[in-house]
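# A structural walkthrough
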Amino acid sequence: MMDESAELAVSITQIVQRLKGTHLHSQLEKQAKECLHKPEIKLDTLKDDVRRLLKASGITCLLLPPGHPRAPPEHTKEPLEYMRKAQVNWEKRILKSLNSMCTELGIPLAWKRPVPEQKELANKWNEMGTDEPDLSKFRPVYAPKDFLEVLVGLRNPNNERSEDLTVRSHWGLIQVSLNVRDIPQMREMYPELGLTYGQLGIDDHTHVPPDLFESEHIHIGKKVVSEQDSAAAQQYSRQGCPTGLRAQLWSLILNTTNDPEDITHYEQLKARVINHDLLVDNLIYKDVKLTASNDDYYFVFEDYLYQVLLCFSRDTAVLEHFSYNSATPPKSCIQNKSGSEQCAMVYPPNGVIPFHGFSMYVAPLCFLYNEPSKLYRVFREMYIRYLFRLHSISSHPSGIVSLCLQFERLLQTHLPQLFYHLREIGAQPLRIAFKWIVRAFSGYLSTDQLLLLWDRILGYDSLEIVAVLAAAVFAFRAENLMEVTSLASAEAVLADLSTLKVMPLLQIFLFATSV
């Protein structure tokens, strides 16, 4: 354990590091020099006074690293209190919406299926898409635009009157201060995306002929797969995965298997779906019908989507990710025992209430895996590593708040005239881009381009590239956007992204932008 003096020194060092380079730091430095000449400031008791102030303010507690013995458990999940409160309030709102629907429709959250219904479902398990249940009364618990309004309302109470928030930060919708990378820092983070590197998904602009690069890249990929080296697979995917190797490489990066134990687990989840009906099943059916079933790329996978998502909702193994997720699993009363705490159970069993567009997290993976148990394992791992961050309020660098802020900062810094123009006509860029970001572009890009983007998410172990691409799309369409006069016309310019090529956009934006 650190003694108190050492702990104080660490805390002060961390505070100084965080403040360095800010307007507040220079103000504090100036005031500190002035204070030294005041008679009420006594140098011999200064250290004790600082220690007492830090302890009273709780700042030392906030700065303790997550693994520190005195760090509160909730700080491991989310160190910022206002983020934790916002997430809790959002969870209450979602649960209230679910319970209200339950009451309005007069149906329970879960019930055991009658035996004939169980047999019928088991028989049509592989063709659930042909079933047309009446979903007219069901509505999504929330849509991305509802979530965006919550993020727009986020405020750090400690920064409300701070001069450290610049005028430029008020241009955007996200009004909290988090550390996000600028383009020079991104160039260091993503060197493999540089103009001199070979990339799958790029036809020219490199010093290596595309055919030669692709041939050599496939050769290396086969070697990585044969050696079953997860770290090498992750590094390799930064330059894109060949279509024929992608499924194996992603499984290697995610450490997913399809052992007999995995197949058994999937069959157990399937049995739970057949035995019990859940209210959220209808939300899943509805979402697939509203999204993937109407998508030119994904409608053929409707049966797979039902199978994977219904099993996912029953999988209690998913609950493990709440140990590092800012969210907590929702609890509800499954049986009508009003007022009884004993009936408060995690619902749905995996702790994840699906929202409008949720099924699109699974859809792209259907192109890679045609065995349901394997598809399921890869999706579950993708979700608990990355995708949950797109609908949880946190300060994590890959969290949705950071991604939105990253997107706005990139546009404000490198396309200030465009940002200002769109803002002035009531077409805040984030209102257009949010739906892309929250779904990691699934359903917006053509599938081959989306998979190239997701290669880089796995390769760099970060969702940050999603925000960068969103900014790059605006940069690519900047000339047309400067001529629009309303939100509707701006949305029309950006309505179809299916012809975009991801890698040239990212490379040009990151490495051809003047900084």
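The structure we're discussing is the one just above.
All of the points below concern the structure found in this document. Owing to the predicted nature of the structure, the values given are computational and were not obtained by experimental measurement.

Attention now goes to the overall build of the protein. The secondary structure content of the protein amounts to 24 helices and four strands. For the protein, long-range pairs separated by at least 24 residues make up 77% of all intrachain contacts whose partners lie at least 6 apart in sequence.

Let's shift gears to the side chain of Asp 281. Position of Asp 281 among the secondary structure elements: in helix H14 (residues 279-290). On the accessibility criterion, Asp 281 (1% relative accessible area) is buried. Residues in contact with Asp 281, not counting those within four places in the same chain, are Arg 113, His 276, Leu 310, Ser 313 and Arg 314.

The end-to-end C-alpha distance of helix H15 (residues 302-314), which contains 13 residues, comes to 19 Å, matching closely the 18 Å that a straight helix rising 1.5 Å per residue would cover. Buried residues dominate H15, accounting for eleven of its 13 residues. For H15, the set of buried residues is Glu 302, Leu 305, Tyr 306, Gln 307, Val 308, Leu 309, Leu 310, Cys 311, Phe 312, Ser 313 and Arg 314. Tucked into the core, H15 has its buried residues touching helix H13 (260-275), strand S2 (276-278), H14 and helix H16 (372-385).

Another aspect to go through is the side chain of Asn 282. By the secondary structure assignment, Asn 282 is in helix H14. Sequence-distant contacts of Asn 282, that is, excluding residues within four places in its chain, are made with Leu 135 and Phe 138.

Moving on to the packing of helix H17 (residues 400-414) against helix H19 (residues 429-438). What describes two packed helices is the angle between their axes and the distance between those same axes. Interhelical geometry of H17 versus H19 gives an angle of 135° and a closest axis separation of 11 Å. Our classification of the angle between H17 and H19 gives oblique. You can see that H17 and H19 cross each other, and the crossing is right-handed. Along the contact surface, H17 presents Ile 400, Leu 403, Cys 404, Phe 407, Glu 408 and Leu 411, while H19 presents Pro 429, Leu 430, Ala 433, Phe 434, Ile 437 and Val 438. Here the residues of the contact of H17 with H19 are counted per class, giving eleven nonpolar, no polar and one charged.

We now examine the packing of H15 against H16. Put simply, H15 and H16 touch, their axes get as near as 10 Å, and they point 55° apart. When the axis of H15 is compared with that of H16, the two are oblique. The way H15 lies across H16 gives a crossing that is right-handed. For the pair H15 and H16, contact is made by Tyr 304, Gln 307, Val 308, Cys 311 and Phe 312 and by Pro 372, Leu 375, Tyr 376, Phe 379, Arg 380 and Tyr 383, respectively.

Our focus in this paragraph is H13. It helps to recall that an α-helix has 3.6 residues per turn; residues three or four apart then point in one direction. The end-to-end C-alpha distance of H13 is 22 Å, a good match for the 22 Å that 16 residues give at a rise of 1.5 Å each. In the core, the buried residues of H13 are packed alongside helix H7 (115-123), S2, H15 and H16.

With respect to the helices, strands and loops of the structure, Thr 328 is situated in the loop between H15 and strand S3 (331-333). For Thr 328, a relative accessible area of 38% translates into the label partly exposed. It is 8.0 Å that separates the C-alpha atoms of Thr 328 and Val 88, two residues lying 240 residues apart in sequence. There is a polar contact of 2.7 Å between the side chain of Thr 328 and the side chain of Glu 91.

Ranked by internal contacts, the top residues of the largest apolar core, which has 148 residues, are Trp 436, Phe 441 and Phe 474. For this core, the element with the highest residue contribution is helix H21 (residues 464-476), accounting for ten residues. When neighbours within four sequence positions are excluded, Trp 436 is seen to be in contact with Phe 441, Tyr 444, Ala 470, Val 473, Phe 474, Leu 494 and Leu 497.

Let us now look at the pattern of salt bridges. If you walk through the whole model with that rule in mind, you get 16 salt bridges. Put simply, Arg 246 and Asp 455 hold a salt bridge, and the shortest N to O gap is 2.9 Å. A residue pair is termed long-range when its members are at least 10 positions apart, and Arg 246 in helix H12 (residues 246-254) and Asp 455 in helix H20 (residues 447-460) qualify at 209 residues. Pair check on accessibility: Arg 246 and Asp 455 agree, each one buried. The partner of Glu 381 in a salt bridge is Arg 385, with the nearest N and O atoms 3.1 Å apart. Of this pair, Glu 381 and Arg 385 both sit in helix H16, separated by four residues, roughly a single helical turn.

Each value, and the rule that gives it
Residues numbered from 1 in each chain as written. Predicted model: local features only at pLDDT ≥ 70, side-chain atom pairs only at ≥ 80, totals over all residues. Heavy atoms only, no water. Helix = DSSP H or I, 4+ residues; strand = E, 2+ residues; numbered from the N terminus. Contact = heavy atoms within 4.5 Å. Buried < 20%, exposed > 50% of the residue type's maximum accessible area, 1.4 Å probe, protein only. Expected span 1.5 Å × (residues − 1). Axes fitted to C-alpha atoms, helices over the stretch in contact; angles between N-to-C directions. Parallel < 35°, antiparallel > 145°, perpendicular 65-115°, else oblique. Left-handed = near helix turned anticlockwise from the far one by under 90°. Nonpolar A, V, L, I, M, F, W, Y, C, P; charged D, E, K, R; others polar. Polar contact = N/O pair within 3.5 Å; in protein donor to acceptor, adjacent residues only side chain to side chain. Core = buried A, V, L, I, M, F, W, Y, C linked by side-chain atoms within 4.5 Å. Salt bridge = Lys/Arg side-chain N within 4 Å of Asp/Glu carboxyl O.

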